[in-house]
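Here's the letter readout for the chains.
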Amino acid sequence: MEFHRGRLIDHVHLRVKDLALSKTFYRAVLATVGVNIEHESDTAFAADELYVDAAEDYITRVHLAFQARTREDVHAFHAAGLANGGTDNGKPGERSYHPGYYAAFLIDPDGNNIEAVHHGPNVRSAVDVVVKPA
């Protein structure tokens, strides 16, 4: 067994009101940044470090920013989100956070602020971190 994880976040857990609607939304927007749903059941789904399950009591509200490979991916993310239950919270464009910060924002079906951001041309030292139980 091995897991491929990022460098800071082990996982983010969202609790949602309508799992089917959320799965449709996240399947569409994650595909635009090159990530697929890896696990799904009647009560949950997971993609990379994101885990989403059906809430029986409370839903969560957070801000998540997904890394986009290109500016075109930012546009595709925004369009896919709008077509799959999301609400516009900031059209694709340059932001003043730092030079080259290009992003779009959506509100997902449960009120989470979801972003896709491209930081400009870059070279990664690794695609992910491989974690193997000892």
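Residues numbered from 1 in each chain as written. Predicted model: local features only at pLDDT ≥ 70, side-chain atom pairs only at ≥ 80, totals over all residues. Heavy atoms only, no water.

A. Examining the sheet that holds strand 5 (residues 50–54) more closely. Taken in spatial order, the four strands make up an open sheet running 2-5-4-3, and their pairing is mixed. Both edges of this open sheet fall to strand 2 (12–16) and strand 3 (39–40), since each of them pairs with a single strand only. Along the sheet, helix 1 (residues 19–32) contacts strand 2, strand 3, strand 4 (44–47) and strand 5; its crossing angle with strand 4, the most-contacted strand, is approximately 15°. (Pairing = 2+ DSSP bridges. Helix = DSSP H or I, 4+ residues; strand = E, 2+ residues; numbered from the N terminus. Contact = heavy atoms within 4.5 Å. Axes fitted to C-alpha atoms, helices over the stretch in contact; angles between N-to-C directions.)

B. Just the nonpolar core, in detail. Ranked by internal contacts, the top residues of the largest apolar core, which has 26 residues, are Y26, L30, L50, F66 and F77. Elements with a minimum of two residues in this core: strand 2, helix 1, strand 4, strand 5, strand 6 (63–67), helix 2 (71–83), strand 8 (102–107) and strand 9 (113–118). With residues near it in sequence (within four places) discarded, F66 still touches Y26, L30, V33, L50, F77, I114, E115, A116 and V117. (Core = buried A, V, L, I, M, F, W, Y, C linked by side-chain atoms within 4.5 Å. Buried < 20%, exposed > 50% of the residue type's maximum accessible area, 1.4 Å probe, protein only.)

C. Seen up close, the packing of aromatic side chains. Per the stated rule, a full pass over the model turns up three aromatic pairs. Judged by centre distance (5.0 Å) and plane angle (85°), the rings of F25 and Y26 are edge-to-face. As far as burial versus exposure is concerned, F25 and Y26 are alike and both buried. When the ring of Y26 is compared with that of F45, the centres are 6.4 Å apart and the planes differ by 45°; the resulting orientation is tilted. In this pair, Y26 sits in helix 1 while F45 sits in strand 4, placing the two residues 19 residues apart along the sequence. Just as Y26 is buried, F45 falls in that class too. Within the aromatic cluster, the residues linked to one another by ring pairs are F25, Y26 and F45. The ring of Y58 is capped by R15, whose NZ or CZ atom sits 4.8 Å from the centre of that ring. (Phe/Tyr/Trp six-rings, centres within 6.5 Å; stacked < 30°, edge-to-face > 60°. Lys NZ or Arg CZ within 6 Å of the ring centre and 35° of its normal.)

D. View of helix 2. Over its 13 residues, helix 2 runs 19 Å from end to end, which matches the ideal 18 Å to within 8%, given 1.5 Å per residue. Restricting attention to buried positions, one finds in helix 2 the residues D73, V74, F77, H78, A80 and G81. For helix 2, the angular spread of buried residues about the axis comes to 170°, placing them on one side. Those residues of helix 2 that are exposed and angled more than 90 degrees off the buried face are E72 and A83. (Expected span 1.5 Å × (residues − 1). Arc of directions from axis to C-beta.)

Keep in mind these numbers describe shape, not what the thing actually does.
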